[in-house]
Amino acid sequence: MVGMATRTMLPRLARLAVSVLLPQSCVLCGAGVAADAVWPLCLPCSIRLRAERAADARRERCAICGKPLISRHGRCTRCRTASYDFDSVYPLFRYADDIRSLVLAYKGGRRSLSGFFAEELAAVVAGRFSGRVVIPVPPRPGKLRRTGWDQVEAIVSILERKYDIVVLRALVRTAGSEQKVLNLEERAANMRGTIRLAPRAVVPVDPVLFDDVLTTGATLSACAGCLKSGSANRVDAVTIAAD
Ligand SMILES: [Zn+2]
Ligand SMILES: [Zn+2]
């Protein structure tokens, strides 16, 4: 009995010690956050972000890249001419103000924000892509070595652990050829890496790709093309934000 009590007391004491030593404050407004909060956002800020996401979901969006549209054209100017290998992208948030700060804080090392992003992502996957397998965009070559963690992987690992969403690491990114033989442009492409199917990956017919921020769509398109060279025939994507 004593052993059991000690085991349940210890984590609580450890949390208490941590909260005294490192009181949490909200990444966005600096307000105090409950010591046992999973991520460093105060309740009003969390509620405001969720309301923004819900309002964005009701807005007219480009059918391909998910960016808000000013007029009702179905597609934004870029997507009327561009061709992508994915079928659609759904960004959870616009990359502005609060979300920009949040994503920057996350990429800068506030890893516990992964819990907030995972919760928002899980809600969207359940609503729009229910029952479909999530495939994370693999990190650039050398990224793990440089930063020690992968922001996309941190979020999808919570999806599978906490929200019972099936995650399949079906893609890998490898450095292309030897850097020294390349010109500047080729070097840039080499840094982005080459997307390949992971060995023995069994690709579902309609996977959902996940990446943190949508910029040009080139990476998601390369990933979707790769999955379609396997057995996928429809590939949608979801990202935290669109730049
Ligand atoms: Zn706040
Ligand atoms: Zn578009």
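Residues numbered from 1 in each chain as written. Chains lettered and ligands numbered in written order. Predicted model: local features only at pLDDT ≥ 70, side-chain atom pairs only at ≥ 80, totals over all residues. Heavy atoms only, no water.

> Go over the side chain of aspartate 212 with me, naming the residues and quoting the values.
Considering the arrangement of structural elements, one finds aspartate 212 in strand S5 (residues 208-214). Contacts of aspartate 212, omitting those with residues within four sequence positions, involve Lys107, Gln151, Val152, Thr239, Ile240 and Ala241. (Helix = DSSP H or I, 4+ residues; strand = E, 2+ residues; numbered from the N terminus. Contact = heavy atoms within 4.5 Å.)

> Requested: an account of the packing of helix H5 (residues 113-128) against helix H7 (residues 151-163), with residues and values cited.
At a minimum axis separation of 9 Å, H5 and H7 run at an interaxial angle of 60°. Viewed along their axes, H5 and H7 adopt a mutual orientation that is oblique. Regarding H5 and H7, the two cross each other, and that crossing is right-handed. The residues of H7 that touch H5, namely those facing Ser114, Gly115, Phe117, Ala118, Glu119, Leu121 and Ala122, are Ala154, Ile155, Ile158, Leu159, Lys162 and Tyr163. (Axes fitted to C-alpha atoms, helices over the stretch in contact; angles between N-to-C directions. Parallel < 35°, antiparallel > 145°, perpendicular 65-115°, else oblique. Left-handed = near helix turned anticlockwise from the far one by under 90°.)

> Account for the confidence of the model for the chain, with residues named and values stated.
Predicted confidence across the chain gives a mean pLDDT of 86, with 83% of residues reaching 70 or more. Strand S2 (residues 134-136) holds the highest mean pLDDT among the elements of the chain, 98, whereas helix H1 (residues 2-21) holds the lowest, 54. (pLDDT = per-residue confidence, 0-100.)

> So what's going on with the coordination of the zinc ion (ligand 2)? Residues and values would help.
Every protein donor of the zinc ion (ligand 2) is listed here as Cys62 (SG), Cys65 (SG), Cys76 (SG) and Cys79 (SG), and their distances to the metal cover 2.3 to 2.4 Å. Geometry at the zinc ion (ligand 2) is tetrahedral, judged from its 4 donor atoms and the angles of 102 to 117° they form at the metal. If you list the donors of the zinc ion (ligand 2) from N- to C-terminus, the spacing comes out as C-x2-C-x10-C-x2-C. Here the residue cysteine 65 occupies a position in the loop between helix H2 (43-58) and helix H3 (77-81), and cysteine 79 occupies one in helix H3, the gap between them amounting to 14 residues. By relative accessible area, cysteine 65 is classed as buried at 6%. (Donors = N, O, S within 2.8 Å, 3.2 Å for Na, K, Ca; no water. Tetrahedral: all angles 85-135°; square planar, octahedral: opposite > 155°, others 65-115°. Buried < 20%, exposed > 50% of the residue type's maximum accessible area, 1.4 Å probe, protein only.)

> A description of the pairing of strand S3 (residues 171-174) should follow, citing residues and the corresponding values.
Across the two faces of S3 the burial differs, with Leu171 and Arg173 buried and Val172 and Thr174 not buried at all. The sheet contact formed by S3 and strand S4 (residues 194-197) spans 4 bridges and is antiparallel. Each residue of the ladder has a partner; that of valine 172, found in S4, is arginine 196. (Pairing = 2+ DSSP bridges.)

> Can you break down the packing of aromatic side chains residue by residue, with the values?
Inspection of every chain in the model, using the stated rule, returns 5 aromatic pairs. Pairing tyrosine 84 with phenylalanine 86 gives two aromatic rings, centres 4.6 Å apart and planes at 15°, and the pair type is stacked. The class of phenylalanine 86 is buried, set by a relative accessible area of 4%. Three or more aromatic residues joined by ring pairs make a cluster, and in this case those are Trp39, Tyr106, Phe116, Phe117 and Trp149. (Phe/Tyr/Trp six-rings, centres within 6.5 Å; stacked < 30°, edge-to-face > 60°.)

> Break down the sheet that holds strand S6 (residues 236-242) for me, with residues and values.
Strands pair in a sheet through their backbones, by hydrogen bonds, and they do so in one of two ways: parallel or antiparallel. Read from one edge of the open sheet, 4 strands run S1-S6-S5-S2, paired in parallel fashion. Of all the strands in the sheet, just strand S1 (88-94) and S2 have a single pairing partner and so form its edges. Each neighbouring strand pair of the sheet contributes to a mean axis angle of 30°, computed without reference to strand direction. Taken together, the 6 bridges between S1 and S6 define a ladder with parallel strand orientation. Considered in S6, the bridge of phenylalanine 93 is made with alanine 241. Helix H4 (residues 97-107) contacts S1, S5 and S6 of the sheet and is inclined by roughly 100° relative to S5. Against the sheet, H7 makes contact with S2, S5 and S6, and its axis sits at roughly 135° relative to S5, the strand it touches most.

> How would you explain the pattern of salt bridges if you had to name every residue and give the values?
In this structure the tally under the stated criterion is 13 salt bridges. Note that glutamate 153 is salt-bridged to arginine 169, the shortest N-O span being 2.9 Å. Of this pair, glutamate 153 sits in helix H7 while arginine 169 sits in the loop between H7 and S3, and the two are 16 residues apart along the sequence. The exposure class of arginine 169 is partly exposed, given its relative accessible area of 36%. Linked through salt bridges whose partners overlap, the residues forming this network are Arg50, Arg53, Glu119 and Glu120. (Salt bridge = Lys/Arg side-chain N within 4 Å of Asp/Glu carboxyl O.)

> How would you summarise unusual backbone geometry if you had to cite specific residues and measurements?
Positioned with a positive phi, aspartate 97 is a non-glycine residue whose angle comes to about 40°. Mapped onto the secondary structure, aspartate 97 falls in helix H4. A positive phi is found at aspartate 164, a non-glycine position, where the angle reads about 55°. Relative to the elements of secondary structure, aspartate 164 occurs in the loop between H7 and S3.

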